[in-house]
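# Descriptive structure summary
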Amino acid sequence: LLPDPKNFRRLLLAWYKKNQRDLPWRKNTDPYRVLVSELMLQQTQVKTVLPYYSKFLTRFPNARALAAASQESVLASWAGLGYYRRARFLHAAAKAVAKQGFPQSAEGLLDLPGVGAYTAAAVGSISFGLPLAVVDGNVIRVLSRVLALDKDPTTGQGKRELDSAAQALLDPSHPGDFNQALMELGALICAQTKPRCEACPLAAHCLAFRGKTQESYPRLPTPVSTLKIHKSIALITKGANVLAMPRTLSGRAGDEGRMLGYWHFPELELKKGERPEAMAIHLAGENAKLKIRLASFLHSITRYRIKVDAYLFTSEKALKGWRWIGLRELHSKPLASAERRLLKALVAFGSKD
Ligand code: ADE
């Protein structure tokens, strides 16, 4: 059922040599540069990562520089990329590397914070030539089609079959190029819809292509449904200052501190029937005067679809636990996308006033 590995490798690597994109993390195999790229690329598209990657490496060119940086500056460099736990893991990994050097074995890599099987295989193969097969979303798609794998490739038997096929096909003398070639093929040719099979070097080996069923693979489980949330936010100002603070753990069940350290404004999630304006007034407290609804937008992050209604208040008195911070200073703090958008709206409103 498995294609002949020698043939498969030869065709795939020849295609990669000719068609690979010129990406900044392919300039050399420095494990720090590769680790940063692989963490940024998890759940995130190449074109989104590119500007973050070059800025991050200019600011933190090696593990020592990153280890010595403040958490706040690391989070600020990640702001807008999403999945913020990655930034804290990367920072912790850099501290471990600065202390003990870069681990060069699979076990050592897996011991780094935030490094799982995927990242260990990617860094291990690309930087150290370790024969570890990478299985990410792109590889799952390519190999599910090549094998016409009728099981769910993300769990149980299907996952085991796919992992062992990837490992058997891997070119042990060029594991880094082989892994990147499969991912690149998934990104450039073997797309989720309308794959360009006529341009695919593996078409002759692809069982799904033979049966003209390529778009029915991989057999993924139905995606988790999205969750709708409506949030009311109070932007409480005093002159050019606004009340804000870095996020802490809420203590609520299920709060994993995903956005720990990112600055935010007083906010609450509306329950059914609650009106956003009334709840903003409640949040802001009796010392605050409502001015206007400053912003209203939809914000998508992971599986949440968040309607944000933000109201502008003035007040002389801080709410307990919240800090007055100048808009300019807040601009330099770690801010996730929604909060950055609100700060922009505040600044724009202030300059009209
Ligand atoms: N996606 C994640 N890492 C990648 C890499 N090194 N090459 C191509 N696509 C990727």
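Below, the structure is looked at part by part.

## As for the overall build of the chain
Summing up its helical and strand segments, the chain has 15 helices and seven strands in all. Counting every position in the chain, which comprises 353 residues, the buried fraction comes to 48%. Within the chain, contacts between residues at least 6 apart in sequence are counted, and of these 66% link residues at least 24 apart. Only carbon and sulfur atoms are counted for the fraction: they give 53% of the accessible area of the chain, which is about 18300 Å². Between the averaged position of the 52 positive side-chain charges in the chain and that of its 29 negative side-chain charges there is a distance of 4 Å.

## Some thoughts on the environment of glutamine 214
If you trace the backbone, glutamine 214 turns up in the loop between helix 12 (207-210) and strand 1 (227-238). Note on glutamine 214: relative accessible area 14%, which makes it buried. Along the sequence, glutamine 214 and cysteine 190 sit 24 residues apart, while their C-alpha atoms lie 9.0 Å from each other. Excluding residues within four positions of it along the chain, glutamine 214 makes contact with Arg145, Pro195, Cys197, Ala208 and Phe209.

## Overview of the nonpolar core
Among the nonpolar cores identified, the biggest contains 64 residues, and Tyr32, Phe56, Trp78 and Leu235 are the most heavily contacted of them. Top contributing element to this core by residue count: helix 2 (residues 31-41), with seven residues. The next biggest cluster of nonpolar side chains, apart from the first, holds 32 residues, and it includes Phe8, Tyr118, Ala122 and Cys190.

## Some points on unusual backbone geometry
At the junction of tyrosine 217 and proline 218, the peptide bond is cis and its omega measures out at -5° in the coordinates. The residue proline 218 is located in the loop between helix 12 and strand 1 in this model. Unusually for a residue other than glycine, lysine 194 sits at a positive phi of about 45°. Turning to its location among the elements, lysine 194 is positioned in the loop between helix 11 (175-188) and helix 12.

## Quick look at the packing of aromatic side chains
Applying the stated criterion across every chain, the model contains six aromatic pairs. Pairing phenylalanine 8 with phenylalanine 178 gives two aromatic rings, centres 6.3 Å apart and planes at 40°, and the pair type is tilted. Here phenylalanine 8, found in helix 1 (residues 5-19), pairs with phenylalanine 178, found in helix 11; they are 170 residues apart in sequence, far enough to count as distant. For the residue pair phenylalanine 8 and phenylalanine 178, the accessibility class agrees, reading buried in each case. Between phenylalanine 102 and phenylalanine 128, the ring centres sit 6.1 Å apart and the planes meet at 55°, which makes this aromatic pair tilted. Within this pair, whereas phenylalanine 102 is found in the loop between helix 6 (85-100) and helix 7 (106-110), its partner phenylalanine 128 is found in helix 8 (residues 117-128), the two being separated by 26 residues in sequence.

## Considering the pattern of salt bridges
This structure, assessed with the given rule, holds 12 salt bridges. A salt bridge links arginine 293 to aspartate 309; the nearest nitrogen and oxygen atoms lie 3.4 Å apart. Here arginine 293, found in strand 5 (residues 289-301), pairs with aspartate 309, found in strand 6 (residues 304-314); they are 16 residues apart in sequence, far enough to count as distant. For aspartate 309, a relative accessible area of 1% gives the class buried.

## Examining the site of the ligand
Lining the immediate environment of the ligand, one finds Arg26, Glu38, Leu41, Tyr118, Gln180, Met183 and Glu184. Here a nitrogen atom of the ligand and a side-chain polar atom of tyrosine 118 are 3.3 Å apart. Glutamine 180 is positioned with one of its side-chain polar atoms (N or O) 2.9 Å from a nitrogen atom of the ligand. Across the complex, the protein chains shield 94% of the 260 Å² of accessible surface that the ligand would expose by itself. Counting only elements with at least two residues in the shell around the ligand, the list comes to helix 2 and helix 11. Per-element tally for the shell around the ligand: the top contributor is helix 11, with three residues. Counted by class, the shell around the ligand contains three nonpolar, one polar and three charged residues.

## So, the pairing of strand 5
Within a regular strand, side chains alternate between the sheet's two faces. Bridging between strand 5 and strand 6 involves 11 bridges; their strand directions are antiparallel. The residue bridging lysine 289 from the neighbouring strand is threonine 314, located in strand 6. In this structure, the hairpin formed by strand 5 and strand 6 is closed by a connection of two residues, where threonine 302 is found at a positive phi of approximately 40°.

## Let's talk about the pairing of strand 1
Pairing of strand 1 with strand 6, which is carried by 11 bridges, proceeds in the parallel orientation. Within the sheet, the bridge partner assigned to alanine 234 lies in strand 6 and is tyrosine 311. As paired elements, strand 1 and strand 4 (residues 267-269) share three bridges and run antiparallel to each other. Each bridged residue has a counterpart across the sheet, and for lysine 231 the counterpart in strand 4 is glutamate 269. Bridge count for strand 1 against strand 2 (residues 241-246) is two bridges, and the pairing is antiparallel. Within the sheet, the bridge partner assigned to lysine 238 lies in strand 2 and is asparagine 241.

About the criteria used
- Residues numbered from 1 in each chain as written.
- Predicted model: local features only at pLDDT ≥ 70, side-chain atom pairs only at ≥ 80, totals over all residues.
- Heavy atoms only, no water.
- Helix = DSSP H or I, 4+ residues; strand = E, 2+ residues; numbered from the N terminus.
- Buried < 20%, exposed > 50% of the residue type's maximum accessible area, 1.4 Å probe, protein only.
- Contact = heavy atoms within 4.5 Å.
- Areas by Shrake-Rupley, 256 points an atom, 1.4 Å probe, with all protein chains shown as cover.
- Lys, Arg positive; Asp, Glu negative; His and termini not counted.
- Charge placed at Lys NZ, Arg CZ, Asp CG, Glu CD.
- Core = buried A, V, L, I, M, F, W, Y, C linked by side-chain atoms within 4.5 Å.
- Phe/Tyr/Trp six-rings, centres within 6.5 Å; stacked < 30°, edge-to-face > 60°.
- Salt bridge = Lys/Arg side-chain N within 4 Å of Asp/Glu carboxyl O.
- Near = heavy atom within 4 Å.
- Polar contact = N/O pair within 3.5 Å; in protein donor to acceptor, adjacent residues only side chain to side chain.
- Nonpolar A, V, L, I, M, F, W, Y, C, P; charged D, E, K, R; others polar.
- Pairing = 2+ DSSP bridges.

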